[in-house]
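The primary structure of each chain is shown beneath.
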Amino acid sequence: ALIYCILACILSCIEDIIEYFNQWAYIFVGIYGTSYLESGKRVLELFNARGITAIISNGLASYVLTNVVLSSSLLCGLSGY
């Protein structure tokens, strides 16, 4: 059960990252009319060129930190039990 909870937490984090990326790629598809994969590449190039990677990293870091805190508190709780 513990392994299932950890895997569910990791998959949830990955799902949030993918959804965040999809928002930007879909916007790019709507504006420029390119394919989804091409839009994804162009969005990443835009982020790198404009320095927006720091904003995205900051937003994604909160997901990672939340999951680390929850996982460590779960492990501490289980070890104390």
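See the structure shown above.
Along each chain, the written sequence defines residue order, and numbers are assigned to residues from 1. Thresholds applied to this predicted model are a pLDDT of at least 70 for local features of residues and 80 or more for the giving and counting of side-chain atom pairs; totals over whole chains, interfaces and linings are not thresholded and use all residues. Note that the side-chain values use all heavy atoms of the structure and ignore hydrogens as well as water.

**Quick look at the overall build of the protein chain**
Here is step 1: Where helices and strands are cited, they refer to DSSP runs of H or I of at least four residues and of E of at least two residues respectively, numbered from the N terminus. For the protein chain, the count of helices and strands is three helices and zero strands.
Here is step 2: A globule of 81 residues ought to have a C-alpha radius of gyration of about 12 Å, yet the protein chain, at 17 Å, is considerably larger.
Here is step 3: Along the first, second and third principal axes, the C-alpha set of the protein chain runs to 55 × 25 × 15 Å.
Here is step 4: Partly exposed describes any residue whose relative accessible area lies between the buried limit of under 20% and the exposed limit of over 50%, with all areas from a 1.4 Å probe on protein chains only and scaled to the type maximum. Within the protein chain, buried positions represent 16% of all 81 residues. Radius of gyration: over C-alpha atoms. The globule rule applied is 2.2 Å multiplied by the number of residues raised to the 0.38 power.

**Description of the side chain of N67**
Here is step 1: In this fold, N67 is placed in helix α3 (residues 53-80).
Here is step 2: Judged by its relative accessible area of 17%, N67 falls in the buried class.

**Considerations on the packing of aromatic side chains**
Here is step 1: Only rings of Phe, Tyr and Trp enter the pairing, Trp through its six-membered ring, and a pair is recorded when the two centres are within 6.5 Å. The plane angle decides the type: under 30 degrees is stacked, over 60 is edge-to-face, the rest tilted. Taken as a whole and judged by the stated rule, the model has two aromatic pairs.
Here is step 2: When the ring of Y26 is compared with that of Y36, the centres are 5.4 Å apart and the planes differ by 40 degrees; the resulting orientation is tilted. Taken together, the residues span a long stretch of sequence, with Y26 in helix α1 (residues 2-32) and Y36 in helix α2 (residues 36-50) at a distance of ten residues.
Here is step 3: For Y26, a relative accessible area of 53% gives the class exposed.
Here is step 4: A relative accessible area of 31% means that Y36 is categorised as partly exposed.
Here is step 5: Relative to Y32, the ring of F28 lies with its centre 4.6 Å away and its plane at 45 degrees, an arrangement referred to as tilted.

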